Amino acid sequence: MIRSHKSGFSVSLGLKPVSNRFLSKKNEMAPKFPLGISISGDTGLVSIEQPFPVDEVKPRFDWITCFEPEAHLDNLVETLINLPGIDNNSLIGAYSFKDDSTIDRLNNKGYKNTWRIDPEHDLSLDKFSNIETYQHEFTNKKSREIKKKYGPADILLVRHVVEHAYNIDKFVEAIRLLVKPDGYILWELPSCEKSLMSGDCTMIWEEHIHYFTEFTFRQFLINQKFYINNLSLISYPMEDCIVAITQNLTNQKIDVDDKSELINIEIERAKKYIELVQKNIIDIPNKLSNIKKKSGKFAIFGAGHATVAFISILGIENLIDFIIDDNPNKISKNLPAGNIPIIHSSELYKKDIKICLLGTNPQSHSKIIDKHKDYVSTGGVFASIFPGTEKYFGDVL
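Residues numbered from 1 in each chain as written. Predicted model: local features only at pLDDT ≥ 70, side-chain atom pairs only at ≥ 80, totals over all residues. Heavy atoms only, no water.

> Explanation requested: the overall build of the protein in the structure shown.
When its secondary structure is counted, the protein shows 14 helices and 16 strands. For 397 residues, the compact-globule formula gives about 21 Å, and the C-alpha radius of gyration of the protein, at 22 Å, lands near that figure. Its C-alpha atoms give the protein principal-axis dimensions of roughly 65 × 45 × 35 Å. In the protein, which comprises 397 residues, the proportion classed as buried is 54%. At a minimum sequence separation of 6, the contacts of the protein that also span at least 24 residues come to 67%. Working note: accessible area of the protein is about 18000 Å², and carbon and sulfur atoms make up 50% of it. Charge centroids of the protein, computed over 48 positive and 52 negative side chains, lie 4 Å from each other. (Helix = DSSP H or I, 4+ residues; strand = E, 2+ residues; numbered from the N terminus. Rg over C-alpha atoms; globule rule 2.2 N^0.38 Å. Buried < 20%, exposed > 50% of the residue type's maximum accessible area, 1.4 Å probe, protein only. Contact = heavy atoms within 4.5 Å. Areas by Shrake-Rupley, 256 points an atom, 1.4 Å probe, with all protein chains shown as cover. Lys, Arg positive; Asp, Glu negative; His and termini not counted. Charge placed at Lys NZ, Arg CZ, Asp CG, Glu CD.)

Put into structure tokens, the structure is as follows:
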């Protein structure tokens with residue numbers, strides 16, 4: 001049930017596992033923590049109600065990584081180098097490894113005066129640390145030390161990290177310290193509007209604390225007293241990207257228009273999302289259970305956090321026989337949700353798996369299906385776990 005309180009609305013989804021805690025033994029259990037989401041009554045922003053402990057979310061393996069959409073980066077770099085006051089001598093800084101490909105593009109364009117925070121030396125982190133630990137250690141004190149070491153940036157790249165911030169106000173404050181008074185900050189993050197509208201439970205991930213839409217992020221920047229030079233939405237099959245370029249607000253006009261109606265739209269969309277997820281928690285296990293009785297073994301392709309969310313939030317651990325993943329580091333381990341064995345895709349042909357749901361990024365679905373034509377030709381079925389995508393299992397099974 002959705003709970004109403006002074007600051008907005010919230011719902012509990014129960015105890016859920018840490019998504020990156022791959023298991024080596026069948027009798028192991030991943031740690032679980034209460035997972036709930038809240039809706040701000042002031043802004044409409046959806047957030048994790050109580051973030052998991054940072055030390056528990058920190059990966060236990062140094063091979064865990066993530067991939068962000070990059071098809072738009074060439075155009076983005078052109079936008080950055082054409083900003084007023086920017087030339088080949090401008091100093092361009094970056095927050096994390098997620099900015100490396102943008103830095104490479106800038107270097108190739110002749111913008112070689114660049115730096116990036118070194119997690120080991122600048123934040124005193126080990127090789128297992130990821131974005132969740134970066135934000136925990138990235139304090140104002142550390143930010144000032146980094147600025148002194150590398151110099152204040154004319155442009156600072158902050159791609160796909162702000163949504164991970166446990167204390168987002170403190171994070172933005174520390175980011176702000178790294179740029180010159182008239183410097184630019186490039187923000188990039190996923191837009192969750194598609195997922196909210198479709199009731200996609202895989203949106204919820206303990207490492208993403210905040211679930212912005214174009215409107216809620218714009219309002220967030222305004223509330224943080226940034227001047228927004230540009231804010232756009234880049235379309236992708238799964239999640240669109242919000243890309244914003246900001247500067248410190250100086251003499252620019254502050255947007256003081258009443259946004260209460262638009263905020264109410266965000267709140268109502270988020271409440272409907274919760275209702276859809278709660279409905280799916282009942283309907284989808286029943287649907288898959290009936291299909292399994294007729295068709296036999298089930299697998300899900302992709303041992304990532306979306307698969308973990310799909311299984312654990314819907315409570316279908318007992319319906320999935322195998323997880324398919326060709327990452328050699330994951331093969332022979334078990335998924336944190338349900339301790340389900342992870343096997344190579346060649347096993348599709350040997351384990352009598354009749355239905356394989358696709359839990360990888362939808363951009364890879366056609367490649368997977370094309371690679372395994374023989375599986376399809378012998379009666380195997382691929383179907384997506386993501387509503388709104390081609391071959392969504394709710395539409396084709």
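> Please clarify how the packing of helix α2 (residues 73-81) against helix α3 (residues 100-108) should be interpreted in this entry.
Two numbers describe how α2 lies on α3: the axes approach to 10 Å, and their chain directions differ by 60 degrees. The orientation of α2 relative to α3 falls into the category oblique. Seen from above, α2 lies across α3 with right-handed handedness. Contacts from Leu73, Asp74, Val77 and Ile81 in α2 reach Ser101, Thr102, Arg105 and Leu106 in α3. In terms of residue class, the contact of α2 with α3 is built from four nonpolar, two polar and two charged. (Axes fitted to C-alpha atoms, helices over the stretch in contact; angles between N-to-C directions. Parallel < 35°, antiparallel > 145°, perpendicular 65-115°, else oblique. Left-handed = near helix turned anticlockwise from the far one by under 90°. Nonpolar A, V, L, I, M, F, W, Y, C, P; charged D, E, K, R; others polar.)

> Looking at this structure, I do not really get the sheet that holds strand β4 (residues 46-48). What am I missing?
If you walk across this open sheet you meet the five strands as β1-β2-β3-β4-β9, and the pairing is antiparallel. Whereas interior strands pair on both sides, the edge strands pair on one side only; in this sheet they are β1 (3-5) and β9 (210-211). When β1 meets strand β2 (residues 8-17), the two strands line up antiparallel, connected through three bridges. For His5, the partnering residue across the bridge sits in β2 and is Gly8. (Pairing = 2+ DSSP bridges.)

> Just to check I follow, could you spell out the sheet that holds strand β16 (residues 381-384) for this structure?
Strand pairing in a sheet relies on backbone hydrogen bonds. The paired strands run either parallel or antiparallel. Reading across the sheet, the five strands line up as β14-β13-β12-β15-β16 and stay open at both edges, with parallel pairing between neighbours. Two strands in the sheet have a free side with no partner beyond their single neighbour: β14 (342-343) and β16. In terms of strand pairing, strand β12 (residues 297-301) meets strand β13 (residues 322-324) through three bridges, oriented parallel. Its bridge partner lying in β13, Ala299 is registered against Phe322. Contacts from helix α10 (residues 260-295) reach β12 and β15 (353-358), with the element oriented near 120 degrees to β12.

> Help me understand the nonpolar core, please; the structure alone is not making it clear to me.
Across soluble globular proteins, nonpolar side chains show a tendency to be buried alongside one another. With 58 residues, the main nonpolar core has Ile204, Leu288, Phe310, Ile311, Ile323, Leu335 and Leu357 as its most contacted residues. When residues in this core are grouped by element, the largest group, nine residues, is from α10. Residues within four places of Ile323 in sequence aside, it is in contact with Ile300, Gly302, Ala303, Thr307, Ile311, Leu335, Ile340, Pro341, Ile342 and Ile343. Counting 37 residues, the second-largest nonpolar core is a separate cluster that includes Phe138, Phe171, Trp187 and Leu231. (Core = buried A, V, L, I, M, F, W, Y, C linked by side-chain atoms within 4.5 Å.)

> How should I be thinking about the side chain of Arg159 in this particular structure?
Structurally, the position occupied by Arg159 is in strand β7 (residues 153-159). Using a relative accessible area of 1% as the deciding quantity, one classes Arg159 as buried. At a separation of 2.9 Å, a polar atom in the side chain of Arg159 contacts the main-chain carbonyl oxygen of Pro69. The contacts of Arg159, once residues within four sequence positions are left out, are Glu68, Pro69, Glu70, His72, Leu73, Lys98, Asp99, Ser101, Thr102, Leu186 and Glu188. (Polar contact = N/O pair within 3.5 Å; in protein donor to acceptor, adjacent residues only side chain to side chain.)

> I tried to follow unusual backbone geometry on my own but got confused; where do I start?
Note: most residues except glycine have negative phi, and most peptide bonds are trans. Look at Ser124: it is not a glycine, yet its phi comes out positive at around 55 degrees. With respect to the secondary-structure elements, Ser124 resides in the loop between α4 (119-123) and α5 (131-137). Positive phi is not limited to glycine here, since Lys225 has a value of about 65 degrees. Structurally, Lys225 is set in the loop between α9 (214-223) and β10 (226-234).

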